[in-house]
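# Coordinate inspection notes
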Amino acid sequence: MEIFTDICDFRLYIKQVRQYNKSIGFVPTMGALHQGHLELVKKSIQQNDVTVCSIFVNPTQFNNPNDLENYPRDNKTDLSLLKANNCDVVFLPSNAIMYKKNDILSLNFGYLENIMEGKFRPGHFKGVGLIVIKLFNLACPNRAYFGTKDLQQLTIVKKLTKELLYDIEIIPVQTIREPDGLAMSSRNRLLSKEERIQALDLYKALNTAKKQLIGGESVTSVLKYVQQFFTTESKLELEYFEIVNTTDLMKINEIPTSKQVSLCIAGQLGKVRLIDNMSLL
Ligand code: AMP
């Protein structure tokens, strides 16, 4: 497995891969890898000649300095996991390489950066967009892999890929869950034993809400049920629960026949913020 920390070396390597007409699959991550990340890597290995994974805790996407400071980092374990899972290349840049003091570019994703995650994490998607563009420009992938766990991020990445005319296929990968249903997340390792049990409320609420909608209950009553569940039965502080159109993430009032609907949820447990979503299909 090749490991690059320097931009010039990485570019040169990518240039050579492309000269040989080999396809590149790219998996951007912030490290503290788990089975969910490895699923993205697995998919990329199946579909491409060369799989590149990046590990970079991107400072510009953290609106909360404590969250950035506490974000789990474990490069040594990450590298051995990637090696054991047959990843070909890892790009592991420093902050100084990815950002310069006089950088001025700022992106705007319109309504998409002001709803759900964007509402609770101002500026988050501007940072996500910037780093994704920088990494796309360096890795020059044919395909890039993103988890549906971060549905809003996936939507924004699809949008920027289309609008900036990147010739990159964005491949969504289903959320990998723990055996009890909790969506895998790097932040899960920050949960105490007690919080780990309480975290399951996100999954429980999504599951129940989904069943209710499939059973014909109205959007309004399901929204009410979930709000009430978190007020009366859970220690988790609910930030939002929304029922949206899966393609544009706009709120819906009625379930369309296509059932292209996603239930999106986020909440805070102590110092840890968790998100999850479920598709109605
Ligand atoms: P992160 O390191 O949290 O920035 O995540 C890197 C990529 O892995 C993103 O595309 C995430 O959506 C994806 N990812 C994170 N958790 C999961 C999961 N449980 N299942 C599938 N993909 C995931």
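These numbers come from a predicted model, not from an experiment. (Residues numbered from 1 in each chain as written. Predicted model: local features only at pLDDT ≥ 70, side-chain atom pairs only at ≥ 80, totals over all residues. Heavy atoms only, no water.)

## Here's the deal with the overall build of the protein
When you go through the protein residue by residue, the secondary structure sums to 11 helices and nine strands. Referenced to the eigenvectors of the C-alpha coordinate spread, the extents of the protein come out at roughly 55 × 40 × 40 Å. Counting every position in the protein, which comprises 281 residues, the buried fraction comes to 51%. Of all intrachain contacts in the protein linking residues separated by at least 6 positions in sequence, the fraction that spans at least 24 positions is 72%. A total of about 14300 Å² of accessible surface is found on the protein, and carbon and sulfur atoms cover 50% of it. Of the charged side chains in the protein, 34 are positive and 30 negative; the average position of the first set lies 2 Å away from that of the second. (Helix = DSSP H or I, 4+ residues; strand = E, 2+ residues; numbered from the N terminus. Buried < 20%, exposed > 50% of the residue type's maximum accessible area, 1.4 Å probe, protein only. Contact = heavy atoms within 4.5 Å. Areas by Shrake-Rupley, 256 points an atom, 1.4 Å probe, with all protein chains shown as cover. Lys, Arg positive; Asp, Glu negative; His and termini not counted. Charge placed at Lys NZ, Arg CZ, Asp CG, Glu CD.)

## Quick word on helix α2 (residues 35-47)
The first and last C-alpha atoms of α2 sit 18 Å apart over 13 residues, in line with the 18 Å expected at 1.5 Å per residue. Every buried residue of α2 is listed here: G36, H37, L38, L40, V41 and S44. As for α2, its buried residues are in contact with β2 (24-29), β3 (50-55), α4 (75-84), β5 (143-147) and β6 (169-173). (Expected span 1.5 Å × (residues − 1).)

## Considerations on the site of the ligand
Looking at the ligand, there are 16 residues lining it, with M30, H37, D150, I176 and M184 nearest. Between the ligand and the protein, one listed contact pairs an oxygen atom with a side-chain N or O atom of H37 at 2.8 Å. Across the complex, the protein chains shield 93% of the 480 Å² of accessible surface that the ligand would expose by itself. Partitioned by chemical class, the residues of the shell around the ligand number seven nonpolar, eight polar and one charged. (Near = heavy atom within 4 Å. Polar contact = N/O pair within 3.5 Å; in protein donor to acceptor, adjacent residues only side chain to side chain. Nonpolar A, V, L, I, M, F, W, Y, C, P; charged D, E, K, R; others polar.)

## Concerning the sheet that holds β2
Read across the sheet, six strands follow the order β1-β4-β3-β2-β5-β6 without closing on themselves; strand pairing throughout is parallel. If you trace the sheet from one side to the other, it starts and ends with β1 (2-4) and β6, each paired once. Across the sheet, the mean angle from the axis of one strand to that of its neighbour is 25°, orientation sign disregarded. Strand direction decides the pairing type here: β2 and β5, joined by two bridges, are parallel. (Pairing = 2+ DSSP bridges. Axes fitted to C-alpha atoms, helices over the stretch in contact; angles between N-to-C directions.)

## Points about the packing of aromatic side chains
In the structure shown here, the tally under the stated rule is 11 aromatic pairs. Taking the centre distance of 4.2 Å and the plane angle of 5° together, the rings of F10 and F91 count as stacked. With F10 in helix α1 (residues 7-19) and F91 in strand β4 (residues 89-91), this residue pair connects regions lying 81 residues apart in the sequence. The buried category is assigned to F10, whose relative accessible area is 1%. An aromatic cluster is built from F4, F10, Y13 and F91, whose rings are joined through pairwise contacts. Taking the ring centre of F62 as reference, the NZ or CZ of R121 above it sits at 5.9 Å. (Phe/Tyr/Trp six-rings, centres within 6.5 Å; stacked < 30°, edge-to-face > 60°. Lys NZ or Arg CZ within 6 Å of the ring centre and 35° of its normal.)

## Digging into unusual backbone geometry
One non-glycine residue with positive phi stands out, namely M116, at about 40°. Mapped onto the secondary structure, M116 falls in helix α6 (residues 116-120). Look at M116 and you get buried, because its relative accessible area is 3%.

## So, the pairing of β3
The buried fraction of β3 is high, at six of six residues. Here β3 shows a buried face lined by V50, V52 and S54 and a second buried face lined by T51, C53 and I55. The pairing of β2 with β3 spans six bridges and is classified as parallel. In the strand pairing of β3, P28 is matched with S54. For the segment spanning β2, α2 and β3, crossover handedness is right-handed. Relative to β4, β3 runs parallel, the two being bridged by three bridges. Along β4, the bridge assignment pairs C53 with V90. (Right-handed = clockwise from strand over helix to strand, strands pointing away.)

## Considerations on the pattern of salt bridges
Side-chain pairs of opposite charge can arise whenever the charged atoms involved come near each other. Scanning the entire structure with this criterion turns up 11 salt bridges. A salt bridge links D67 to R121, with the shortest nitrogen-to-oxygen separation between them at 3.6 Å. Of this pair, D67 sits in helix α3 (residues 65-70) while R121 is found in the loop between α6 and α7 (124-139), placing the two residues 54 residues apart along the sequence. Judged on exposure class, the residue D67 and its partner R121 are both buried. Across the pair D67 and R187 runs a salt bridge, and its minimum N-O distance is 2.8 Å. On the criterion of sequence distance, the pair formed by D67 in helix α3 and R187 in the loop between β6 and α9 (193-198) is long-range, its members being 120 residues apart. (Salt bridge = Lys/Arg side-chain N within 4 Å of Asp/Glu carboxyl O.)

The analysis is restricted to geometry; functional conclusions fall outside its scope.
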